Amino acid sequence: MDRRRCLEADLADPLAAARTHFALPEGLIYLDGNSLGALQPVVAARLRDVVEHEWGAGLIRSWNDAGWVELPRRIAGRLAPLLGADRTELAVTDSTSANLFKALAAARRLRPDRHVLLTDDANFPTDVYVAQGLATLTGDLEVRVVHTDEVASHLDAEVAVLTLTHVDYRTGRLHDPVDLTAAAHAVGAVTVWDLSHSTGALDVDLHRWDADLAVGCTYKYLNGGPGSPAYLYVAQRWHEEISTPVQGWFGHAQPFAFSLGYQPAPGAERFHDGTPPVLSMAALESALEVWEGIDRAQLAAKAAELTDRFIALVDERCDDTVEVVTPRDPTRRGAQVSLRHAHADALTQALIARGVIGDHRPPDLVRFGFAPLYVRHVDVCDAVEQLREVLATRAWDRPEHHARRTVT
Ligand SMILES: *Cc1c(COP(=O)(O)O)cnc(C)c1O
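Now for a quick tour of the structure. This is a predicted model, so every value here is computed, not measured.

Focus: the site of the ligand
Item 1. Near the ligand, the surroundings consist of Ser95, Thr96, Ser97, Phe124, Thr126, Asp127, Thr165, Asp194, Ser196, His197, Tyr219 and Lys220.
Item 2. Interatomic distance of 3.3 Å between a side-chain N/O atom of Thr96 and an oxygen atom of the ligand.
Item 3. Residue Asp194 places a side-chain N or O atom 2.8 Å away from a nitrogen atom belonging to the ligand.
Item 4. Within the complex, the protein chains bury 86% of what would otherwise be the 390 Å² of accessible surface of the ligand.
Item 5. Mapped onto the shell around the ligand, the elements with two or more residues apiece are helix 6 (96-110) and helix 7 (125-138).

Regarding the sheet that holds strand 2 (residues 90-93)
Item 1. Reading across from one edge, 2-8-7-6-5-3-4 is the order of the seven strands in this open sheet, with mixed pairing throughout. The open sheet has two edge strands, strand 2 and strand 4 (142-146), and neither has a second partner. Mean inter-strand twist for the sheet, computed between neighbouring axes without regard to direction, equals 20°.
Item 2. Alignment of strand 2 against strand 8 (residues 230-234), held across four bridges, turns out to be antiparallel. Counted as the bridge partner of Leu90 is Tyr233 from strand 8.
Item 3. With respect to the sheet, helix 7 is in contact with strand 3 (116-120), strand 4, strand 5 (159-165) and strand 6 (190-194), its orientation differing from that of strand 4 by roughly 155°.

Some details on the sheet that holds strand 13 (residues 365-369)
Strand pairs in the sheet, formed through backbone hydrogen bonds, run parallel or antiparallel to each other.
Item 1. Strand order in the open sheet formed by four strands is 9-10-13-12, and the pairing between neighbours is antiparallel. Unpaired on one side and paired on the other, strand 9 (323-324) and strand 12 (359-361) mark the two borders of the sheet.
Item 2. By the bridge criterion, two bridges tie strand 9 to strand 10 (residues 336-340) in an arrangement that is antiparallel. Bridge pairing in strand 10 links Glu323 to Arg340.

Observations regarding helix 11 (residues 296-317)
Item 1. Over its 22 residues, helix 11 runs 32 Å from end to end, which matches the ideal 32 Å to within 8%, given 1.5 Å per residue.
Item 2. All of the buried residues in helix 11 are Arg296, Leu299, Lys302, Ala303, Ala304, Leu306, Thr307, Phe310, Ile311, Leu313, Val314 and Arg317.
Item 3. Looking at the packing, one finds that the buried side of helix 11 touches helix 1 (2-11), helix 5 (71-83), strand 9, strand 10, strand 13 and helix 13 (377-392).

Focus: the environment of His175
Item 1. For His175, the position within the fold is in the loop between strand 5 and helix 8 (177-186).
Item 2. His175 sits 159 residues away from Gly334 along the chain, and the two C-alpha atoms are 9.9 Å apart.
Item 3. Residues within four places of His175 in sequence aside, it is in contact with Asp120, Thr148, Val151, Leu164, Thr165, His166, Leu180, Trp193 and Arg332.
Item 4. Side-chain polar atoms of His175 contact the side chain of Asp120, separated by 2.8 Å.

Quick look at the packing of helix 11 against helix 13
Item 1. At a minimum axis distance of 9 Å, the contact between helix 11 and helix 13 shows a crossing angle of 25°. If you check the angle between helix 11 and helix 13, you find them roughly parallel. In the crossing of helix 11 with helix 13, the sense of the turn from one axis to the other is right-handed. Between helix 11 and helix 13, the residues in contact are Glu305, Leu306, Arg309, Phe310, Leu313, Val314 and Arg317 and His377, Val380, Cys381, Val384, Glu385, Leu387 and Arg388, respectively.
Item 2. Taken together, the residues that form the contact of helix 11 with helix 13 break down as eight nonpolar, one polar and five charged.

A few points about the environment of Leu339
Item 1. Take Leu339: it is sitting in strand 10.
Item 2. Considered as a pair, Leu339 and Val314 are 25 residues apart in the sequence and their alpha carbons are 9.4 Å apart.
Item 3. In this structure Leu339 touches Phe310, Val314, Val322, Glu323, Val324, Asp364, Leu365, Val366, Phe368 and Leu387, once residues within four positions along its chain are discounted.

Overview of the packing of helix 3 (residues 41-57) against helix 10 (residues 278-287)
Item 1. In the contact formed by helix 3 and helix 10, the axes pass within 9 Å of each other and the chain directions differ by 145°. Seen along the crossing, helix 3 lies across helix 10 with a hand that is right-handed. From helix 3, Val42, Val43, Arg46, Leu47, Val50 and Val51 reach across to helix 10, where they touch Val278, Leu279, Ala282, Ala283, Glu285, Ser286 and Ala287.
Item 2. Among the residues forming the contact of helix 3 with helix 10, the class breakdown is ten nonpolar, one polar and two charged.

A few points about unusual backbone geometry
Item 1. The step from Pro362 to Pro363 runs through a cis peptide bond, and the omega angle for that step is 0°.
Item 2. Within the element layout of this structure, Pro363 appears in the loop between strand 12 and strand 13.
Item 3. Despite not being glycine, Leu59 shows a phi value in the positive range, around 50°.
Item 4. Summarising the element assignment, Leu59 is placed in the loop between helix 3 and helix 4 (62-65).
Item 5. Positive phi values are uncommon outside glycine, yet Asn223 reaches one of about 60°.

A closer look at helix 13
Item 1. Between its first and last C-alpha, helix 13 extends 23 Å over 16 residues, near the 22 Å set by a 1.5 Å rise per residue.
Item 2. Immediately downstream of helix 13, the backbone of Arg394 shows phi near 50°, a positive value.

With respect to the packing of aromatic side chains
Item 1. Tallying each qualifying case throughout the model produces twelve aromatic pairs.
Item 2. Each ring, one from Phe22 and one from Tyr374, has its centre 4.8 Å from the other, and the planes form 45°; the classification is tilted. A residue pair is termed long-range when its members are at least 10 positions apart, and Phe22 in the loop between helix 2 (16-19) and strand 1 (29-30) and Tyr374 in the loop between strand 13 and helix 13 qualify at 352 residues.
Item 3. The class for Tyr374 is buried, based on a relative accessible area of 2%.
Item 4. Seen from their ring centres, Trp249 and Phe256 are 5.6 Å apart, and the 70° between their planes marks the pair as edge-to-face.
Item 5. In this structure Trp249 comes out as partly exposed when scored by relative accessible area, which is 38%.
Item 6. Looking at Phe256, the relative accessible area reads 46%, which means it is partly exposed.
Item 7. Its guanidinium or amino end placed over the ring of Phe124, Lys220 lies 5.4 Å from that ring's centre, counting from NZ or CZ.

What counts and what doesn't
- Residues numbered from 1 in each chain as written.
- Predicted model: local features only at pLDDT ≥ 70, side-chain atom pairs only at ≥ 80, totals over all residues.
- Heavy atoms only, no water.
- Near = heavy atom within 4 Å.
- Polar contact = N/O pair within 3.5 Å; in protein donor to acceptor, adjacent residues only side chain to side chain.
- Areas by Shrake-Rupley, 256 points an atom, 1.4 Å probe, with all protein chains shown as cover.
- Helix = DSSP H or I, 4+ residues; strand = E, 2+ residues; numbered from the N terminus.
- Pairing = 2+ DSSP bridges.
- Axes fitted to C-alpha atoms, helices over the stretch in contact; angles between N-to-C directions.
- Contact = heavy atoms within 4.5 Å.
- Expected span 1.5 Å × (residues − 1).
- Buried < 20%, exposed > 50% of the residue type's maximum accessible area, 1.4 Å probe, protein only.
- Parallel < 35°, antiparallel > 145°, perpendicular 65-115°, else oblique.
- Left-handed = near helix turned anticlockwise from the far one by under 90°.
- Nonpolar A, V, L, I, M, F, W, Y, C, P; charged D, E, K, R; others polar.
- Phe/Tyr/Trp six-rings, centres within 6.5 Å; stacked < 30°, edge-to-face > 60°.
- Lys NZ or Arg CZ within 6 Å of the ring centre and 35° of its normal.

As structure tokens, then:
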């Protein structure tokens, strides 16, 4: 009965055609697109072509003939509509961690007389490490890590920069970017948002948010491939004033003039630094083709429907050894649902053994990501049925599900 309703929902899904672009292994229910997005065959073909023809045959000529030098800019053009940004406000380069470092340093320089960098205790660890590293380097910055529910009350005239991740990677809870950005601006602080778990899953609208700077990764919901380049956003209003701490030649106004005087490239492009990783860039550019014409509001609506359905089915079918820790209000969560379970790691492994791929976050969470581009309602239905069975039979409590792994 439930399954038939899921199949009907899939037939009515306006995004259903997007899934046909992906190559998901038969029989697998992939609910980890929030960690590593799925492959599209067109991306594999593009990579082969770049390696064999552009690199193999074209060699150095391909920087011009195959347009390698323009790759970051072309990708920015494809990303911009997904972020509610203009192309010139985006740099596509480096990892999220490296971009966050540059963004925080640049934001701090916009407020040189202030000495607090405010963040919360639900932030992704790399974000806090990077902030602390910047504080050690500058020697005059205090990183204040406050309770995630109390960010607004810690905004005051000492705060130079507020940096937060939009979606809590553990619980899926959302910060309100509009309210918090406005509150930061009201005390004169600059904001840096991390959108790693947002872009490609939610209605990210940096102009409407009045955001200052933002960063995010492209290998999660954007399906760019493992370790694909990240992006950095700088609002137009800061373009004259902002500067990067990494003044590399690819962020120079004229990299191939080889002059020793540094001249920043216009707009966000000054945050490019070294030679772009062409293979990863080519894969990412190809992966982003599928987003053409896809509406951000549609993405958010489907993410809400899938997560709603998952929560409702867990409530209905699963025993009370699991607890939904993700907000039940769909406007307060990302495209993920996390369940608390006393043996979350083993439970995750037992599900993976049955072809339902989620992941585990210590100490006691199992996460399920619902990439709206390729996850179907029927996947939700079938995943909960597997979960129900694993819980009811305690199938997680087998020795093979308690093994140690490096990457989880
Ligand atoms: C995935 C993720 C990152 C990843 O950072 P990398 O430097 O690309 O490894 C950073 N921040 C958040 C919030 C993330 O979810």
